[in-house]
Amino acid sequence: MDDAPDAEPEAPPYIRLPWPLVAAALGGVLLLALALGLFANRYLRPQLGAAPTSLPLAAAAEPTTGPTPSPAPSPTLAPTPIPTPITVATPTQP
C-alpha cells in the first residue's frame, strides 16, 4: 500500500441527492398514482344501474286522463287446520 498521503479519495460511484428532494418526488408519484386510481374507479368501471330514460317535455307535462290502474288483489292463503293430538284413555284397575 504505497498510497501517496496527498492523494484524493475516490469519488463514490452513485449520485448523492438531498433527502427532501427525493421525498418530495416520491410523494408526488404517490399522489399521482392515487389520483389516477380514483379517476379509473369513477369513470372506467362499468355502470351497473339502469340508465334513466328521458321523456320529451310535452309528454312529461301532460296529465294522464285515462283510468287509474287499481292494484292487483293479493292472493290470500286459506288457513290450514292444526291437527290435535288424539289421547287414548286407559282403563284404571280397581
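Residues numbered from 1 in each chain as written. Predicted model: local features only at pLDDT ≥ 70, side-chain atom pairs only at ≥ 80, totals over all residues. Heavy atoms only, no water.

Peer 1: How should I be thinking about the overall build of the protein chain in this particular structure?
Peer 2: A count of helical and extended segments in the protein chain gives two helices and zero strands. A burial count over the protein chain gives 0% of its 94 residues as buried. Just so you have it, the protein chain exposes about 10300 Å², and 68% of that area is on carbon and sulfur atoms. (Helix = DSSP H or I, 4+ residues; strand = E, 2+ residues; numbered from the N terminus. Buried < 20%, exposed > 50% of the residue type's maximum accessible area, 1.4 Å probe, protein only. Areas by Shrake-Rupley, 256 points an atom, 1.4 Å probe, with all protein chains shown as cover.)

Peer 1: Could you clarify how one ought to interpret the packing of aromatic side chains in this entry?
Peer 2: Centre distance and the angle of the planes are the two values used to describe a pair of aromatic rings. Scanning all chains against the criterion turns up one aromatic pair. Between Phe39 and Tyr43, the ring centres sit 5.2 Å apart and the planes meet at 45°, which makes this aromatic pair tilted. With Phe39 and Tyr43 both in helix H1 (residues 19-43) and four residues apart, the pair spans about one turn of that helix. The class for Phe39 is partly exposed, based on a relative accessible area of 46%. Above the plane of the ring of Tyr43 lies Arg42, whose end atom (NZ or CZ) is 5.7 Å from the centre. (Phe/Tyr/Trp six-rings, centres within 6.5 Å; stacked < 30°, edge-to-face > 60°. Lys NZ or Arg CZ within 6 Å of the ring centre and 35° of its normal.)

Peer 1: I'm lost on H1 in this one. Help?
Peer 2: Because an α-helix packs 3.6 residues into every turn, residues spaced three or four apart end up facing the same way. For H1, with 25 residues, the first-to-last C-alpha span of 36 Å sits near the 36 Å given by 1.5 Å per residue. Of all 25 residues making up H1, only zero are buried, and the element is barely covered by its neighbours. (Expected span 1.5 Å × (residues − 1).)

Peer 1: How do you make sense of a nonpolar patch on the surface when you look at a structure like this?
Peer 2: Taken together, the side chains of Ile15, Leu17 and Leu21 present a nonpolar region at the surface, about 340 Å² in accessible area. Tracing the backbone through its elements, the reader meets Leu17 in the segment before H1. (Patch = residues over 30% accessible without salt bridge, like charges linked within 9 Å, V, L, I, M, F, W, Y side chains within 5 Å. Salt bridge = Lys/Arg side-chain N within 4 Å of Asp/Glu carboxyl O.)

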